[in-house]
Amino acid sequence: MQAEGLVRTFGGRRAVDGVSFTLHAGDCLALFGPNGAGKTTLLRMLAGLLAPGQGSVRVNGVPVKEGAAARAQVGLVSHASMLYSVLTARENVEFAARLYGLPDPRDAAMRALELMRVEDRADAPARTLSRGLQQRVSIARAMVHSPSLLLCDEPYTGLDDAGSAALTDALTERREGGAALLLVTHNLTEGLALATQAAIMRRGRFVRHEARELLDVRAYQAQYRELAAVHD
Amino acid sequence: MTDIAVPTPPGMLAAAWLVARKDLAIEFRTRTAFLSALVFALLGVTIFYFAWDATAVAAADLAPGVLWVIFTFAGLLGLQRSFGSELADRAVDGLLGAPISRESIYLGKAFANLVFVAGILFVTIPAVVLFYNLPMGSGIAALAGIAALAAVGLVAVGTLFSAMAVNTRMAELLLPMLSLPFFVPVVMAAAQSSARLMAGRPVAEAMPWLRILVAFDIVFVTACTLAFPFTLDE
């Protein structure tokens, strides 16, 4: 995935201001930043949900906004569950599987739910599930088509230990399987555990972006706290 | 999951059917919008009936107006909820991020809405015929045809405006305000053509109005399908 010069403005304020980076197969970018830094806006542009004011996003050379073929390779875990509350967990994931044209959507849905260890609640309507279980179903929904680019916005929010472990295992499996990951989180330990790259975003820009192996985690944590604490 | 390498996304009509089937499944589970619209339609027919002075206005003159006014407002109740389920928990992002065209989302929504309003018409037309004791006979099939044409036009416009209005704070008010002016040609043509049938006149007399309905459907289904993708941009 290649993001070049992404800019998005809301009412005169630049939410994302010239962000460029590249993710190759097997890469995982952990993206940190204080609230309002522009992380969610960036993810929505990468997923093709929001048109950039300037710049472009390409997956395997195809622009995401215009290309169904590019969107077919992207999975998104967002703040919102993106679930239909009336439908069951299985129906929600199966609906996504059908939209992505999977040959056996029911089977794919069950496997995705098993991956997130929520298969025992497959036939429960989404509205009856706890916030954490809804998050697991939402992640299963995003992964059901085995995307080659997985965008995760605070995916650990609301998950208990079992859910977090299931997610970490699933993300590790996807990355080892050749998918590129972008993980937005406030938790440096969680983010850096999977990352091959790390970036800090503030006021719409990447203020730091480097390879994971070059980082001293303790020094990085201190610097991040300092950066996040600076008021705009 | 890793064995699935290259998914083949559904084509436009297949994706539209998936969206429609999902919407219908949700409506079938809850039935809230349909039952509300149905009760509204039947209460409307009843109120109009008791407000009617049979010595002043003939049933065949009043019934078409009653039918289409009630149907228009009952249909709006269904159209209101069309995109509501998508905004809760941002399920719409799942649709927009999927490898399907936005036109297919519109067509799927419109088809589900068409089934919804057809269900209302299925009950409302017999209710009007019974209440006003109309001698329909073989004209009921032609009336059903008019209803189908009118429903397509109303749904085509209403689905588009429902998508436009749903993100606003005044969605309940904005949808009727946007839609009703566009509904006028449909309601007028449907009322005029059905008035002739309810008066026992031959179908040929209703043909000019039916042509207007057909033309409206062709123009607005095409225009709304093409315009819909722009309504979802943030």
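Residues numbered from 1 in each chain as written. Chains lettered and ligands numbered in written order. Predicted model: local features only at pLDDT ≥ 70, side-chain atom pairs only at ≥ 80, totals over all residues.

(A) Region of the structure containing the interface of chain B and chain A. Counting residues at the interface gives 28 residues for chain B and 36 residues for chain A. Of all the secondary-structure elements, those providing two or more residues to the side of chain B that touches chain A are α1 (12-30) and α5 (91-97) of chain B. Here the side of chain B that touches chain A is composed, by residue class, of 15 nonpolar, six polar and seven charged. (Contact = placed C-beta atoms within 7 Å. Helix = DSSP H or I, 4+ residues; strand = E, 2+ residues; numbered from the N terminus. Nonpolar A, V, L, I, M, F, W, Y, C, P; charged D, E, K, R; others polar.)

(B) Quick peek at the sheet that holds strand β8 (residues 180-184) of chain A. Residue and element names in this part refer to chain A. With mixed pairing, six strands are arranged side by side in an open sheet as β6-β7-β8-β3-β9-β10. Either end of the sheet is taken by a strand with one partner, and the two such strands are β6 (74-77) and β10 (205-211). Put simply, the sheet's adjacent strands are angled 15° from each other on average, direction ignored. (Pairing = 2+ DSSP bridges. Axes fitted to C-alpha atoms, helices over the stretch in contact; angles between N-to-C directions.)

(C) The nonpolar core, seen in detail. One finds A:Leu46, A:Val93, A:Ala112, A:Ala140, A:Leu151 and A:Leu182 to be the most contacted residues of the largest nonpolar core, which totals 153 residues. Considering every element that reaches this core, the biggest residue donor is helix α7 (residues 139-165) of chain B, with 16 residues. Two domains each put at least three residues into this core: domain 1 (1-73 + 147-158 + 177-232) and domain 2 (80-146) of chain A. With residues up to four places along the chain from it excluded, the contact list for A:Leu46 reads A:Ala3, A:Val57, A:Val64, A:Leu151 and A:Leu182. (Core = buried A, V, L, I, M, F, W, Y, C linked by C-beta atoms within 7 Å. Buried ≥ 20, exposed ≤ 12 C-beta atoms within 10 Å, placed from the backbone. Domains from an automatic or database assignment.)

(D) Structural detail: the sheet that holds strand β1 (residues 2-10) of chain A. Spatial strand order, β2-β1-β4-β5 (chain A): four strands in an open sheet with antiparallel pairing. Pairing within the sheet leaves two strands with one partner each, and these edge strands are β2 (13-22) and β5 (62-63) of chain A.

(E) Looking closely at the confidence of the model for chain B. All names here are of chain B. For chain B, mean pLDDT is 89; residues scoring 70 or higher make up 97% of the total. For chain B, the element scoring lowest by mean pLDDT is helix α4 (residues 84-87), at 85; α1 scores highest, at 95. Confidence over residues 1-5 falls short of pLDDT 50; this stretch has twelve contacts with residues more than four positions distant or in other chains. Here the predicted complex scores 0.89 on pTM and 0.88 on ipTM. (pLDDT = per-residue confidence, 0-100.)

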